[in-house]
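Each chain, written out:
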Amino acid sequence: MTDLDVQTLRTAYDNQLRPEIPDPIPAGVTVERDGPLVRISGLDAGGFITYRDLGGLTGDALDELIARQVRLCRERGESAEWKLNEHDEPADLADRLRAAGFVPEDRETVVVGPVAPLAAALPVASEGVRLREVTSRADLERIAAMEEVWQADRSHLVWGLAKEIDADPNSITVVVAEADGTVVSAGWVRFPANTGFATLWGGSTLPQWRRKGIYRALVNYRARLADQRGRTLMQVDCSEDSRPILERLGLVAVTTTTPYVYTP
């Protein structure tokens, strides 16, 4: 993969997936614009700030834009995540976010690659593990309970995913991996409107069920769903644990992304 190829994939990611706005907008979710920014509330545990780019804002004008987001968080008593990509400009944006009180969380790598090779592979996991598409609230609650093994409240997944499914069941598919009736891993695939992309989310696997091919099987399964819908590219924000698997499957790192979170 040449630098030119990586740049082509990054440009497709920027032009087609950013800003990340749900379409259709689920009931109870608000989308507000502030200059180049888009603020989304009601879909996650806090608010989410997204954008294609900042339109060349720098210096005091950029600081004021950031300060407005802080004021809104304080007024509403709501946290907000500003998703900062490594190639975003200006170069001092991370410093300005930290100065305003935003705190960086774990960095992830954005990988992009073709759907077809992934869709061609059979989604095979360990014996006794089956993959199943789910939509019920009971199954979403089982997913949240499984993810709480990481000592974090994941209840927002239940109502957030339910809102998306209710708004348009064709825009998202949730898949669980089960063994003996227990959810051992889960992931979902979104199909952003008017793009050639499918985007993968989730993928957490219980510690005792890792290295059994489950994560890879979930990727292949969702790639098949993407291929059936005519999507040609797949994108994932991945951790350092899943990045090697995805790169072996043909996805390529195009940038990194770091959530900067302001909590009033």
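For the structure, see preceding data.
Note that the structure is a prediction, hence the values are computed from the model and not measured.

Draft legend 1. A look at the overall build of the protein chain. Helices and strands together make up the secondary structure of the protein chain, namely eight helices and 12 strands. For a compact globule of 264 residues, the expected C-alpha radius of gyration is about 18 Å, and the protein chain comes in at 19 Å, within 12% of that figure. If one aligns the C-alpha atoms of the protein chain with their principal axes, the spans along those axes are about 60 × 45 × 30 Å. For the protein chain, the residues scored as buried account for 47% of the 264 residues in total. By sequence separation, contacts in the protein chain at least 24 residues apart represent 70% of the contacts at least 6 residues apart. Counting only carbon and sulfur atoms, one obtains 48% of the accessible surface of the protein chain, whose full area is about 12700 Å². Computed over 30 positive and 40 negative side-chain charges, the separation of the two mean positions in the protein chain equals 3 Å.

Draft legend 2. Molecular detail of the pattern of salt bridges. Within the structure shown, the criterion is met by 23 salt bridges. R52 is the salt-bridge partner of D53, the closest N and O atoms lying 3.8 Å from each other. A salt bridge links R154 to E147; the shortest N-O distance between them is 2.8 Å.

Draft legend 3. Fine view of the layout of surface pockets. Taken as a whole, the second largest pocket encloses approximately 200 Å³ of empty space. Residue lining of the second largest pocket: 13 residues in total, with D53, L54, H87, D88 and E89 positioned closest to the centre. Taken together, the residues that form the lining of the second largest pocket break down as four nonpolar, three polar and six charged.

Draft legend 4. Summary view of the nonpolar core. Counting residues in hydrophobic clusters, the biggest one holds 24 residues, and the most contacted among them are L140, I143, V174 and W188. Counting only elements with at least two residues in this core, the list comes to β7 (129-134), α5 (137-147), α6 (156-167), β8 (172-179), β9 (182-190) and α7 (214-228). Counting residues per element, this core draws most heavily on β8, which supplies six residues. Membership of the second largest hydrophobic core comes to 19 residues, among which are V111, L200, V219 and C238.

Draft legend 5. The arrangement of α6 in detail. Across its 12 residues, α6 extends 17 Å between first and last C-alpha, which sits within 8% of the 16 Å expected from 1.5 Å per residue. Those residues of α6 not exposed but buried are H156, L157, V158, G160, L161, A162, E164 and I165. Buried residues along α6 sit in contact with α5, β8 and β9.

Draft legend 6. Fine view of unusual backbone geometry. Here the bond from R18 into P19 is cis, since omega is -5°, no more than 30 degrees from zero. Locating P19 in the fold gives a position in the loop between α1 (3-17) and β1 (30-34). A cis amide bond links E89 with the next residue in sequence, P90, at an omega value of 5°. Relative to the assigned elements, P90 resides in the loop between β4 (80-85) and α3 (93-99).

Draft legend 7. Spotlight on the environment of D227. Considering the arrangement of structural elements, one finds D227 in helix α7. Non-local contacts of D227, meaning those with residues more than four positions away in its chain, are made with V115 and A119.

Draft legend 8. Molecular detail of empty space enclosed by the protein. Scanning all chains against the criterion turns up two cavities of 30 Å³ or more. In this structure, the largest cavity encloses a volume near 90 Å³. In terms of lining, the largest cavity is formed by R39, I40, S41, G47, F48, I49, Q69, L72, C73, R76, E78 and A80. Elements supplying a minimum of two residues to the lining of the largest cavity: β2 (37-41), β3 (47-50) and α2 (59-76). Take the lining of the largest cavity: its biggest share by element is four residues, from α2.

Draft legend 9. Geometry of the pairing of β9. Burial within β9 is extensive, with seven of its nine residues counted as buried. As judged from the eight bridges shared by β8 and β9, these two strands associate in the antiparallel manner. From the neighbouring strand, V175 faces β9, where its bridge partner is G187. Adjacent in sequence and paired antiparallel, β8 and β9 are bridged by two residues, among which D180 carries a positive phi angle near 55°. Two elements, β9 and strand β10 (residues 197-205), share five bridges in a ladder whose sense is antiparallel. Following the sheet pairing, G187 is matched in β10 by G202. Where β9 hands over to β10, the hairpin turn is made up of six residues, of which N194 adopts a positive phi near 60°.

Scoring rules and cut-offs
- Residues numbered from 1 in each chain as written.
- Predicted model: local features only at pLDDT ≥ 70, side-chain atom pairs only at ≥ 80, totals over all residues.
- Heavy atoms only, no water.
- Helix = DSSP H or I, 4+ residues; strand = E, 2+ residues; numbered from the N terminus.
- Rg over C-alpha atoms; globule rule 2.2 N^0.38 Å.
- Buried < 20%, exposed > 50% of the residue type's maximum accessible area, 1.4 Å probe, protein only.
- Contact = heavy atoms within 4.5 Å.
- Areas by Shrake-Rupley, 256 points an atom, 1.4 Å probe, with all protein chains shown as cover.
- Lys, Arg positive; Asp, Glu negative; His and termini not counted.
- Charge placed at Lys NZ, Arg CZ, Asp CG, Glu CD.
- Salt bridge = Lys/Arg side-chain N within 4 Å of Asp/Glu carboxyl O.
- 1 Å grid on protein atoms, 1.4 Å probe; cavity = no way out; pocket = protein on both sides within 12 Å on 5 of 7 lines; lining within 4 Å.
- Points joined across faces, edges and corners; volume = space filled by probe spheres on them.
- Nonpolar A, V, L, I, M, F, W, Y, C, P; charged D, E, K, R; others polar.
- Core = buried A, V, L, I, M, F, W, Y, C linked by side-chain atoms within 4.5 Å.
- Expected span 1.5 Å × (residues − 1).
- Pairing = 2+ DSSP bridges.

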